[in-house]
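A structural walkthrough
What follows is each chain in one-letter form.
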Amino acid sequence: MAVFAEDVNLAGYTTLRLGGPARRFVEATTEAELVAAVRKADDEGEPVLVLGGGSNLVVSDDGFPGTVVHVGTRGTERVAAEGGRVLLRVQAGEDWDPFVARCVADGLAGVECLSGIPGRVGATPIQNVGAYGQDVSETIVEVRAYDREARACVTLDRDACRFTYRHSAFKGDDRYVVLDVTYALDEAEESQPVAYAELARRLGVRPGDRVTLKEARDAVLELRRGKGMVLDAADPDTRSAGSFFTNPILAPDGLAELERRVAERLGPDATFPRYPEAGDRVKTSAAWLIDRAGFAKGHARGPARISTKHTLALTNPGGATTADLLALAREVRGGVRDAFGVELVNEPVMVGVTL
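Residues numbered from 1 in each chain as written. Predicted model: local features only at pLDDT ≥ 70, side-chain atom pairs only at ≥ 80, totals over all residues. Heavy atoms only, no water.

The protein appears in an unreviewed UniProt entry as UDP-N-acetylenolpyruvoylglucosamine reductase from Actinomadura mexicana. Taken directly from UniProt, the Function (unreviewed entry) text for the protein runs: "Cell wall formation." Quoted verbatim from the Catalytic activity (unreviewed entry) field of UniProt, the annotation for the protein is "UDP-N-acetyl-alpha-D-muramate + NADP(+) = UDP-N-acetyl-3-O-(1-carboxyvinyl)-alpha-D-glucosamine + NADPH + H(+)". (UniProt positions renumbered as here; feature names shortened; annotations may be inferred.)

Below is the structure:
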């Protein structure tokens with residue numbers, strides 16, 4: 001049976017350790033409880049926040065004036081296997097990194113470079129979670145969800161999910177509540193081709209080479225720990241929402257403006273990271289822009305600060321409020337805009353606040 005409570009402080013349910021109280025809090029441990037809790041709130045005209053691991057949320061200091069449904073569903077089912085591929089249907093409340101660890105241990109390739117990412121399975125299609133050259137859209141076959149408009153459970157195939165860079169049909173729209181996700185993984189002892197240059201260097205291989213699944217996972221975890229991106233209660237740099245800003249994708253005119261600004265600010269021979277994208281667009285590095293705009297690791301504004309390990313993470317080392325964190329985020333965003341003409345976009349979901 002679902003557990004109900006009132007005035008539950010949400011700071012304890014987010015990796016930033018920030019956020020005020022939820023008026024009503026429901027712990028749902030089965031799909032039926034999850035659907036019933038959301039449906040009941042909808043019937044009562046109550047605002048709903050579906051909460052997983054809280055690793056990608058910035059919650060207002062005032063909390064949430066409605067019902068928070070905490071997804072605690074569990075279970076992984078092998079639904080098919082053919083042609084060297086295995087389909088796994090995973091409940092939304094399963095923790096992501098333990099799932100990745102099991103896949104690596106079982107010789108299933110396709111998510112090994114997504115090791116160490118906090119949060120739960122249900123969030124992965126929403127954000128099209130990705131890192132180190134992989135993202136979940138490469139392996140997701142379908143997503144089952146509760147459609148709040150149709151008041152029915154529906155299945156969306158990969159095309160219907162409309163995956164793009166850190167985005168999907170689920171992001172920015174609370175119509176769907178993810179119930180489970182089906183991934184297609186390869187039965188293999190070796191990783192997918194290593195696509196990320198930094199990871200290839202750490203492994204001592206060339207981009208496109210393969211390594212064992214364990215080698216790939218271990219190297220990713222090592223890289224993430226070095227950036228404070230693996231949760232550790234003893235490390236205040238991990239009290240963050242991960243990368244706070246997405247890497248900008250620029251159209252040709254925006255790229256030309258960035259080239260002009262970089263040459264003006266850093267000299268005519270200065271270069272910056274650029275990666276080709278579809279439609280004559282180019283992706284650049286938010287971390288590079290933040291650093292070159294003058295925001296070093298450890299830069300603080302009040303009690304909130306940039307991580308001492310990675311300029312993309314904004315942290316609560318202790319004593320900060322959501323207002324403090326957002327003030328720092330606005331300072332960084334404004335500084336990058338002034339320096340380079342690029343508008344950074346937040347990656348975490350904002351609840352009751354705006355950037």
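Still to come is the rest of the account.
What follows covers the sheet that holds strand S20 (residues 313-315). Taken in spatial order, the 4 strands of this open sheet run S14-S20-S19-S18, and their pairing is antiparallel. Either end of the sheet is taken by a strand with one partner, and the two such strands are strand S14 (240-243) and strand S18 (300-301). Here S18 pairs with strand S19 (residues 304-306) via 2 bridges, running antiparallel. Opposite arginine 301, over in S19, you have alanine 304 as the bridge partner. The strands touched by helix H9 (residues 322-340) within the sheet are S18, S19 and S20, with S19 carrying the most contacts at an inclination of about 40 degrees. (Pairing = 2+ DSSP bridges. Helix = DSSP H or I, 4+ residues; strand = E, 2+ residues; numbered from the N terminus. Contact = heavy atoms within 4.5 Å. Axes fitted to C-alpha atoms, helices over the stretch in contact; angles between N-to-C directions.)

For the rest of this paragraph, the subject is the pattern of salt bridges. Summed over all chains, the structure comprises 32 salt bridges. Glutamate 44 is the partner of lysine 40 in a salt bridge, and the nearest nitrogen-oxygen pair spans 2.7 Å. The network of salt bridges with common partners includes Asp235, Asp237, Arg305 and Lys309. (Salt bridge = Lys/Arg side-chain N within 4 Å of Asp/Glu carboxyl O.)

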